[in-house]
Amino acid sequence: MIKRFFKHMFGKAAQIQIIGRCHIIPFELHSVSREGISPAARRVAEELQAAGFQAFVVGGAVRDLLLNRYPKDFDIATNATPEAVRKVFRRSRIIGRRFRLVHVMFGSDTVEVSTFRRAIEHDEAETDEHGRLLRDNEFGDQEQDAARRDFTANAMFYDPTTQAIYDYHHGYEDIRANTLRMIGDPAVRYREDPVRMLRAVRLSAKLGMQIEAATAAPISQLKDLLVNVPEARLLDEMLKLLLSGHAYECVKKLRSMNLHHGLLPMLDVILEQPMGEKFVMLALQNTDKRISEDKPVSPAFLFAALLWHEVLAVWTARQQKGERPVAALHEAMNEVLERQRAQLAIPRRYDTVMKEIWLLQPRFTQRSGQRPLRLLAQERFRGAYDFLLLRCESGEIDMQLGAWWTEFQDTSEERRTEMLQIDEAPKKPRRRKKKAAPASGDVQVNETGQDETKSDEYMQAEFPSD
Ligand code: ATP
Ligand code: MG
């Protein structure tokens, strides 16, 4: 007791212990207490340890706790094989073919348990002609498991029983210095798995960490390797990035590192037009805000936003060639989606919602008769209305139109009738104007914000209500 008191007072206990390459950092130094670990993850670690195995919280969770953030999930790493883990927990199942993991269920929580793995040495590794690793699923020990991870900050192990952190790559120091550093030779590690380039961008944006110079340096030369990554994985990472709550920062960073080319080829073009850029950036900020408020976000909405100005451009061009607005919009949507699919396939399951959002846009300009009420009753009204507001905010269309819908949807029946009448009145003389395809690049755009006549006119004439 007295010894412990003295140790505490004079800091002897609070020292990093070094065993081989491993730095063991005691609780007194890092202050991450086991209370910060989810009860389910703690139970899993404790039960594995009670069964005689090693078990640690690993990866992103340790990093986030050290950064005083609440982790998204708590993964456990162990020296038990998946079969052995399976035996310890009645409610568990083995998942994955390439990497076999165990999902342990506790109530509504699922804890992912992975067996320590080793990175396969370069000469024995199976890689494609660009150096991409095709196989890395051999079991290993804790040190090897740390070495196969991407960044030093992501490669630490936390023992909830002793509250010590096991660190083989100076991740603790890097976190304290706010540095994101690749383990090993960055160029080799990017070649093994080009997605690590996107992870560097996403994690640094999300965590406010600086990408260390040598880690950032090879990216500009190696960025084209992303083309070799299977599409599903790329999309997965893109979604993580867009739904990280830091999409705005991420896309800004992707652009500054010139990494956005192969991913969202449309984005290249869109971001070069000031109006397109403003719209996309607003959409990203809006998504980030919704995530920070714990509101749901739909990937389909986001993709619809990312591609909107492309759709708008094609739609306009087709109308200028004399196509009718409805047909031209359908063609424009299909054309843009097909072009996008050739690069980074947006899953077809999002198509319906994206198209619904786009198709409802022209209908917001129809503000008389029964049409506004029918639009209000549409299942996709809310999303389409949010989309409309983004268009207003970005300066693409008149703010008044958004304001009109904001009022209309929540107001009394009396006021609605009044609004419909007010809106109907000045339209009649304008209807006599000759219908003309818009001359500028934007269809129902009125950048001056003064006049919606043109769009109102041909929309009303051409668009079916439902
Ligand atoms: P997030 O907070 O977004 O979940 P994360 O770092 O936890 O970030 P995950 O995809 O959950 O990301 O990965 C868990 C851990 O697996 C990482 O912390 C890292 O140690 C390791 N890891 C993930 N992807 C890679 C990769 N491409 N190469 C090497 N290690 C990786
Ligand atoms: Mg994670």
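Provided above is the structure to which this section pertains.
My aim in this report is to walk through the structure given alongside it, one point at a time. Values in this document were obtained by computation on a predicted structure and should not be read as measured data. Residue positions are counted from 1 within each chain, in the order its sequence is given. Following the order in which they are written, the chains are lettered starting with A and the ligands numbered starting with 1. Thresholds applied to this predicted model are a pLDDT of at least 70 for local features of residues and 80 or more for the giving and counting of side-chain atom pairs; totals over whole chains, interfaces and linings are not thresholded and use all residues. Working from all heavy atoms in the structure, the side-chain values ignore hydrogens and water.

It is worth spelling out the overall build of the protein chain at this point. Per the convention used, a helix needs a DSSP run of H or I reaching at least four residues, while a strand needs a run of E reaching at least two, with both numbered from the N terminus. Secondary structure assignment for the protein chain yields 24 helices and 13 strands. Evaluated residue by residue, the protein chain yields a buried proportion of 52% over its 466 residues. By sequence separation, contacts in the protein chain at least 24 residues apart represent 66% of the contacts at least 6 residues apart. Here, Shrake-Rupley sampling with a 1.4 Å probe gives the accessible areas, and only protein chains in the shown set may cover a residue. Accessible surface computed for the protein chain: about 22500 Å², of which carbon and sulfur atoms make up 50%. Only protein chains enter the area calculation, which uses a 1.4 Å probe; residues under 20% of their type maximum are buried, those over 50% are exposed, and those in between are partly exposed. Contact definition: two residues touch when any of their heavy atoms are within 4.5 Å.

What follows concerns helix H13 (residues 247-256). Turning to H13, its buried residues are Ala-247, Cys-250, Val-251 and Leu-254. Mapping the buried residues of H13 onto a view down its axis gives an arc of 95°, with all of them on the same face. Positioned one or two residues after H13, Asn-258 has a phi angle of 60°, which is positive. Working note: the arc is built from the helix axis to C-beta atom directions.

Another point: the nonpolar core. The nonpolar core is taken to be a set of buried Ala, Val, Leu, Ile, Met, Phe, Trp, Tyr and Cys residues, with the residues joined through side-chain atoms within 4.5 Å. Among the nonpolar cores identified, the biggest contains 99 residues, and Ile-76, Met-354 and Trp-358 are the most heavily contacted of them. Beyond its immediate stretch of four places on either side in the chain, Met-354 contacts Ala-300, Phe-303, Ala-304, Leu-307, Leu-337 and Ile-346. Formed by 15 residues, the second largest nonpolar core is a distinct cluster that contains Leu-360, Leu-375, Tyr-385 and Ile-397.

This paragraph deals with the sheet that holds strand E2 (residues 22-25). Read across the sheet, nine strands follow the order E1-E2-E11-E10-E3-E4-E7-E6-E5 without closing on themselves; strand pairing throughout is mixed. The sheet is open, and its two edges are formed by strand E1 (17-19) and strand E5 (92-95), each paired on a single side. Averaged over neighbouring strand pairs, the angle between their axes works out to 30° when direction is ignored. When strand E3 (residues 55-58) meets strand E4 (residues 75-78), the two strands line up antiparallel, connected through four bridges. Counted as the bridge partner of Val-58 is Asp-75 from E4. We call two strands paired when DSSP finds no fewer than two bridges between them. What counts as an axis is a line fitted to C-alpha atoms, over the stretch in contact for a helix, and the angles between N-to-C directions run from 0 to 180 degrees.

Take the environment of Leu-243 next. Along the chain, Leu-243 falls in the loop between helix H12 (231-242) and H13. Residues Leu-243 and Ile-291, 48 residues apart in the sequence, show an inter-C-alpha distance of 7.7 Å. If we skip the residues at most four places from it in the chain, Leu-243 touches Thr-287, Ile-291, Val-297, Pro-299 and Leu-302.

It is worth spelling out the packing of helix H17 (residues 325-341) against helix H18 (residues 351-360) at this point. For the pair H17 and H18, interaxial distance at closest approach is 11 Å and the crossing angle is 140°. The angle between H17 and H18 falls in the class oblique. Note that H17 runs across H18; the crossing there is right-handed. Here H17 contributes Leu-329, His-330, Met-333, Asn-334, Leu-337 and Arg-341 to the contact with H18, which in turn contributes Asp-351, Met-354, Lys-355, Trp-358 and Leu-359. Tallied by class, residues from the contact of H17 with H18 come to six nonpolar, two polar and three charged. Here roughly perpendicular refers to angles of 65 to 115 degrees, roughly parallel to angles under 35, roughly antiparallel to angles over 145, and oblique to all remaining angles. Should the near helix be turned anticlockwise from the far one by less than a right angle, the crossing is left-handed, and should it be turned clockwise, the crossing is right-handed. All residues other than Ala, Val, Leu, Ile, Met, Phe, Trp, Tyr, Cys, Pro, Asp, Glu, Lys and Arg, Gly among them, are scored as polar; the first ten of these are nonpolar and the last four charged.

Moving on, we get to the environment of Val-326. Inspection of the secondary structure puts Val-326 in helix H17. C-alpha of Val-326 to C-alpha of Trp-315: the two residues are eleven residues apart in sequence and 9.3 Å apart in space.

Definitions used throughout: a 1 Å grid over protein atoms alone; a cavity as a set of points that fits a 1.4 Å probe which cannot get out; a pocket as an open set with protein on both sides within 12 Å along at least five of seven lines; a lining residue as one with an atom within 4 Å of a point. Grid points are joined across faces, edges and corners, and a volume is the space filled by probe spheres set on the points. What the largest pocket holds in volume is close to 1500 Å³. Surrounding the largest pocket, 39 residues form its lining, Phe-99, Arg-148, Arg-199, Arg-233 and Lys-240 being those nearest its centre. Taken together, the elements giving at least two residues each to the lining of the largest pocket come down to helix H4 (60-66), E4, strand E7 (109-115), helix H9 (195-207) and H12. Of all the elements, H9 adds the most residues to the lining of the largest pocket, at six residues. Here the lining of the largest pocket is built from residues that sort into twelve nonpolar, four polar and 23 charged.

Only heavy atoms are used to decide nearness, and a residue is near a molecule or strand if one of them lies within 4 Å of it. Taken together, the neighbourhood of ligand 1 is formed by 16 residues, with Arg-63, Asp-193, Arg-196, Arg-202 and Lys-206 sitting nearest. As used in this structure description, the phrase polar contact means that two N or O atoms lie within 3.5 Å; if the pair is within protein, one of them must be able to donate a hydrogen and the other to accept it, and residues adjacent in sequence are counted only when both atoms belong to side chains. Here Lys-206 contributes a side-chain N or O atom positioned 2.8 Å from an oxygen atom of ligand 1. Starting from 590 Å² of accessible surface for ligand 1 in isolation, the protein chains cover 85%. Listing elements by their share of the shell around ligand 1, those giving two or more residues are H4, H9 and H12. Residue contributions to the shell around ligand 1 peak at five residues, all from H9. A per-class count over the shell around ligand 1 returns one nonpolar, three polar and twelve charged.

Right, let's talk about the pairing of E5 for a bit. Consecutive side chains of a regular strand alternate in pointing toward one face of the sheet and then the other. Bridge count for E5 against strand E6 (residues 101-106) is four bridges, and the pairing is antiparallel. Note that in E6 the partner of Arg-93 across the bridge is His-103. Hairpin connection from E5 to E6: five residues lie between these consecutive antiparallel strands, with Gly-96 at a positive phi of about 85°.

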